[in-house]
Amino acid sequence: PGDPFAAGFMGARTVISGRTRDGNFEAPGLICKGAPETATCIVLRGPRLCLNEAGGQLFLTGRIASRIYLGDCFETDIETPSGRVRIIVPSHTPPPAVGEECIVSSLPGGVSFISQQQTDRTER
């Protein structure tokens, strides 16, 4: 997506503002490797995020705020220093209990970036 509105419209529930320094996108409680230097927002795709698994380019700390069983998955909200993040957890690996601390990481395709240059072009 080219801007935060388009990301939300396309179904990405989590768009977080931050800044990039030395190839790492940073926001409160969040570090993501491999970001373009012009990135001003990160877009997180809930089905491509993981709980309490090491690795990946994303590292985000938080606490389980809610979880809803939907049959084949749990829709899980994580309260983080950067705001609420929604992830989809397969039902064969239930998320931790509400209130427990957790770490969010990403699978390939779990993150993308919006850069200031894209935002400037869209506003014209």
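Up top you'll find the structure we're talking about.
Residues numbered from 1 in each chain as written. Predicted model: local features only at pLDDT ≥ 70, side-chain atom pairs only at ≥ 80, totals over all residues. Heavy atoms only, no water.

Caption draft 1: Fine view of the pairing of strand S8 (residues 73-80). Within S8, seven of the eight residues are buried, leaving the element largely enclosed by the surrounding structure. For strand S7 (residues 58-69) and S8, the ladder comprises six bridges, and the chain directions are antiparallel. Paired with Ile-64 across the two strands is Ile-78, which belongs to S8. A loop of three residues connects S7 with S8, the two strands running antiparallel in sequence, and Gly-71 in this loop sits at a positive phi of about 95°. (Buried < 20%, exposed > 50% of the residue type's maximum accessible area, 1.4 Å probe, protein only. Helix = DSSP H or I, 4+ residues; strand = E, 2+ residues; numbered from the N terminus. Pairing = 2+ DSSP bridges.)

Caption draft 2: Local environment of a nonpolar patch on the surface. A cluster of nonpolar residues, Ile-31, Phe-59 and Ile-103, forms a patch on the protein surface that exposes about 240 Å² of accessible area. When you line up the elements, Ile-31 lands in strand S4 (residues 30-33). On the accessibility criterion, Ile-31 (41% relative accessible area) is partly exposed. (Patch = residues over 30% accessible without salt bridge, like charges linked within 9 Å, V, L, I, M, F, W, Y side chains within 5 Å. Areas by Shrake-Rupley, 256 points an atom, 1.4 Å probe, with all protein chains shown as cover. Salt bridge = Lys/Arg side-chain N within 4 Å of Asp/Glu carboxyl O.)

Caption draft 3: Representation of the pattern of salt bridges within the structure. If you walk through the whole model with that rule in mind, you get six salt bridges. Across the pair Glu-26 and Arg-21 runs a salt bridge, and its minimum N-O distance is 2.7 Å. The partly exposed category is assigned to Glu-26, whose relative accessible area is 21%. For Arg-21, a relative accessible area of 40% gives the class partly exposed. As a salt-bridge pair, Asp-77 and Arg-86 come within 2.8 Å of each other at their nearest N and O atoms. Here Asp-77 falls in the buried class, since its relative accessible area comes to 8%. A residue is classified by how much of its surface remains accessible, and Arg-86, at 23% relative accessible area, is partly exposed. What you see here is one network of salt bridges that share partners, running through Glu-75, Asp-77, Glu-79, Arg-84 and Arg-86.

Caption draft 4: Focus on the packing of aromatic side chains. A full pass over the atoms with the stated rule returns two aromatic pairs. With centroids separated by 5.9 Å and ring planes inclined at 50°, the aromatic side chains of Phe-25 and Phe-113 adopt a geometry described as tilted. Note that Phe-25 is positioned in strand S3 (residues 24-27) and Phe-113 in strand S11 (residues 111-115), a separation of 88 residues in sequence. A relative accessible area of 0% means that Phe-25 is categorised as buried. Pairing Tyr-69 with Phe-74 gives two aromatic rings, centres 5.2 Å apart and planes at 55°, and the pair type is tilted. Residue class for Tyr-69 comes out exposed when judged on its relative accessible area of 52%. (Phe/Tyr/Trp six-rings, centres within 6.5 Å; stacked < 30°, edge-to-face > 60°.)

Caption draft 5: How the structure looks around the side chain of Glu-75. Structurally, Glu-75 can be placed in strand S8. A relative accessible area of 19% places Glu-75 in the buried class. Aside from chain neighbours lying at most four places away, what touches Glu-75 is Ser-66, Arg-67, Ile-68, Leu-70, Arg-86, Ile-87 and Ile-88. (Contact = heavy atoms within 4.5 Å.)

Caption draft 6: Focus on the side chain of Asp-77. Among the structural elements, Asp-77 can be located in strand S8. With near-sequence residues (within four places) excluded, Asp-77 lies in contact with Arg-63, Ile-64, Ala-65, Ser-66, Arg-84, Val-85 and Arg-86.

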